[in-house]
Amino acid sequence: MLLHSYHEKLAENINHTLNVLHVPTHDAPSLIAMMVRPPSPEKGDLSIPVFKLAPNGQNPAAFAQQLVHHLKTTELFSKFDAAGPYVNVFFNPQTYAQKIIENAGSVPPVPGKDVEPVMIEYASPNTNKPLHVGHLRNLALAESMIRLFSHNGKKVIRAQVINDRGVHICKSMLAYEKWGRSTTPESTGMKSDHFVGKWYTEFTKHAETNPALEEEAQAMLVKWEQNDTHVRELWKKNNEWAIKGMFQTYARMGATFDVNYYESEFYQNGKDIVMQAYEKGLLKKADNGAIIVPLEKFGLPDKPVIRGDGTSLYFTQDIYLAMKRFHDYPTLERIVYVVASEQEMHFKQLFATLKLLGVPQAEKCYHLGYGLLTLPSGKMSSRAGTVVNADELMDELVQMAVEEYNKRNPELSTSEIARRANVIALSALKFYLVKQDAKKELVFDPKESISFDGQTGPYLLYTTARILSILRKSTHTLDVHAANLLTLPTEKMLLTILSKKDEVIAAALRNYSPHVLGHYLLDLANTFNTYYHETKIIQENEKLEKARLALANAIRQTLEEGLYLLGIETLREM
RNA sequence: GCCCCAGUAGCUCAGCCUGGAUAGAGCACCUGCCUUCUAAGCAGGGGGUCGUGGGUUCAAAUCCCAUCUGGGGCGCCA
């Protein structure tokens, strides 16, 4: 980390001075923990409140004065200043600015051969309807975590479970068979997953007035389980359409998968595992014969794993699947399940059950939950028809961006407009989805998500394009060695923000919180735009211009790197 | 009843993990700024009992306890 050496040296320096003053010293880590950033760069680069350093009874402000008086400037620290009970420290601007700028261009480590991989499970689609905007929150969050892990030198395995069986799938199949058998996605010109979803909707509509349809769907599921040739054929066709369409949506979002687990291939597989556990006396049996996992000692409700009729549950396959993954990838460092927080209990129970069954990797499982996505009008409901479809939303965003181009840059070719509009639309969407704390509910306001003003992806793209334009326009090349000329308050502010980059990225990863990175980028872009308006980068003083170009370029690199980590592509020109 | 999450400006949210200097953005509203590096921009203005009550501390939006409100979840759904 950029600041690390400064922290250490400052701690040394302070302890030395405390010694001189015959005041108790502190170990370096606790001194470093006390250090804070001053509220504004003019006050210094680093600050330490002296409440805990001052000897008993001494006024902290007076002690701060005394400390400052005795602290010695060094090659790293050019000035100390007492401000009330704070000692503010100024770093040597000659070297600090240059280090910050160079750090902006540093490249992340490449994963070593023997790095333990991290598996991220996300998306978890059903094959009865197309993806909706809730899935997009999942994809955006997961993609960002994937890139943060990779940035940190981890190898990432992208995985999804495709829920391709069950009564909901049969509903769509049944409706198709009853009312649409002569049609196909091709004949109707529909995207294939939308086609499947249409029949699911048809089913729901008809089932309201014809309850017998529910029973028919159940009967179809039984036939499916009995491997009925006709039902299986229908199912295969249905799933191919659904999955093909979903992968098209994934491709648009930039989501890819290394492993696809199809529920239909293992939905009965947990049974033997739990039956063995039952025989070992780890599980209990209910009056009706159901097998229950006792979880009192984990502070959780008990969980059935085998129904009274002997069939297994989704939970049971999840036990199997977790074990399978640790078997297939024995060096897995962890599995991150990116799944809505409605399922928090499911995962708590799952991880506790793995522990109970003696699976040593139980500790390596983590549920990254995220809040429900709601609309300004309330929760999305497929019955009320208020589900915001993923493809349609993306189309709408692209269309908005195209209209902006037709207004602003009508001279561009339609293909270039299409290309740029696509990048801008995706930046708007993805940034909107990751800029907010994942655990909070997200009110998805389509109008606001489409807006390109304010705290948005397009704002960040605009800022990077603006910097690139300056770099192109200047007749000079940047020079980091001139960085000591960057002395304006806003330049100091920009350097301070840049200096936080690594800690922000580290925090985003550690706390599974890409949004902190999002807000950081907004702060950086915002401050740069202020700078842009108040200061000329290209001007008569060549040396100064080279310094400012170096700063601008460092900002550009940081914005691009940050956006990349959020899964967002940038443009050279807006 | 129990568990989890949220409550900060009219609205949408940062800040809380790891306490520190006057609580920050965006949207909306009002006023300015394009013959000069991209105005998808910038500057300024109004707007806050940080849900409430206690406690800990030199210091609390941040930690602890209680409480209210909203959302989600809780043995044979996925």
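Residues numbered from 1 in each chain as written. Chains lettered and ligands numbered in written order. Predicted model: local features only at pLDDT ≥ 70, side-chain atom pairs only at ≥ 80, totals over all residues. Heavy atoms only, no water.

The name an unreviewed UniProt entry assigns to chain A is Arginine--tRNA ligase, from the organism Candidatus Iainarchaeum sp. If you open the UniProt record of chain A and go to Sequence similarities (unreviewed entry), you find "Belongs to the class-I aminoacyl-tRNA synthetase family." (UniProt positions renumbered as here; feature names shortened; annotations may be inferred.)

### Some words on unusual backbone geometry
Look at Ala123: it is not a glycine, yet its phi comes out positive at around 80°. Inspection of the secondary structure puts Ala123 in the loop between strand 4 (118-121) and helix 5 (133-151). For Ser124, which is not glycine, the phi torsion reads 35° and is therefore positive. Assignment of secondary structure puts Ser124 in the loop between strand 4 and helix 5. (Helix = DSSP H or I, 4+ residues; strand = E, 2+ residues; numbered from the N terminus.)

### Comments concerning the sheet that holds strand 14 (residues 442-443)
The strand order across the open sheet formed by 3 strands is 13-12-14, and the pairing between neighbours is mixed. Among the strands making up the open sheet, the edge pair consists of strand 13 (378-379) and strand 14. As paired elements, strand 12 (residues 373-375) and strand 14 share 2 bridges and run parallel to each other. The residue of strand 14 that forms the bridge with Thr374 is Val443. (Pairing = 2+ DSSP bridges.)

### Regarding the pattern of salt bridges
Summed over all chains, the structure comprises 31 salt bridges. Among the ionic pairs, Arg252 bridges to Asp391, the shortest N-O distance being 4.0 Å. Here Arg252 is found in helix 10 (residues 229-253), whereas its partner Asp391 is found in helix 14 (residues 390-408), with 139 residues between them in sequence. For Asp391, a relative accessible area of 4% corresponds to the buried category. Arg420 serves as the salt-bridge partner of Glu416, at 2.7 Å between the closest nitrogen and oxygen. Taken together, the residues span about one helical turn, with Glu416 and Arg420 both in helix 15 (residues 414-434) at a distance of 4 residues. (Salt bridge = Lys/Arg side-chain N within 4 Å of Asp/Glu carboxyl O. Buried < 20%, exposed > 50% of the residue type's maximum accessible area, 1.4 Å probe, protein only.)

### Remarks on the protein's contact with RNA strand B
What surrounds RNA strand B is a group of 62 residues, the closest being Pro304, Arg307, Arg408, Ser469 and Thr535. In RNA strand B, atoms within 4 Å of the protein come 64% from sugar and phosphate. Contacts to RNA strand B include Asn88, whose side-chain N or O atom sits 2.9 Å from a base nitrogen. Arg307 places a polar side-chain atom, nitrogen or oxygen, 3.1 Å from a phosphate oxygen of RNA strand B. Listed by contribution, the elements that provide at least two residues to the surface near RNA strand B are strand 1 (46-49), strand 3 (86-91), helix 13 (344-356), helix 14, helix 17 (457-473) and helix 20 (514-534). (Near = heavy atom within 4 Å. Polar contact = N/O pair within 3.5 Å; in protein donor to acceptor, adjacent residues only side chain to side chain.)

### Topic: the UniProt feature "domain: DALR anticodon binding" (unreviewed entry) in chain A
When the UniProt feature table is mapped onto this chain numbering, "domain: DALR anticodon binding" (unreviewed entry) sits at residues 460-574. Measuring from the first to the last C-alpha atom of residues 460-574 gives 11 Å, for a span that is 70% helix and 0% strand.

### Focus on the layout of surface pockets
Of the pockets and cavities examined, the second largest pocket occupies roughly 390 Å³. Lining the second largest pocket are Ala401, Glu404, Tyr405, Arg408, Asn409, Ile424, Phe452, Asp453, Pro458, Tyr459, Tyr462 and Met574. Mapped onto the lining of the second largest pocket, the elements with two or more residues apiece are helix 14 and helix 17. It is helix 14 that provides the largest number of residues to the lining of the second largest pocket, a total of 4 residues. (1 Å grid on protein atoms, 1.4 Å probe; cavity = no way out; pocket = protein on both sides within 12 Å on 5 of 7 lines; lining within 4 Å. Points joined across faces, edges and corners; volume = space filled by probe spheres on them.)

### Focus on the packing of helix 12 (residues 314-328) against helix 13
Packing of helix 12 against helix 13 leaves a shortest axis separation of 10 Å and a crossing angle of 55°. As judged from the angle between their axes, helix 12 and helix 13 are oblique. Seen along the crossing, helix 12 lies across helix 13 with a hand that is right-handed. Seen from helix 12, the contacting residues are Tyr314, Phe315, Asp318, Ile319, Ala322 and Met323; seen from helix 13, they are His346, Phe347, Gln349, Leu350, Thr353 and Leu354. Across the contact of helix 12 with helix 13, the residue classes break down as 8 nonpolar, 3 polar and 1 charged. (Axes fitted to C-alpha atoms, helices over the stretch in contact; angles between N-to-C directions. Parallel < 35°, antiparallel > 145°, perpendicular 65-115°, else oblique. Left-handed = near helix turned anticlockwise from the far one by under 90°. Contact = heavy atoms within 4.5 Å. Nonpolar A, V, L, I, M, F, W, Y, C, P; charged D, E, K, R; others polar.)

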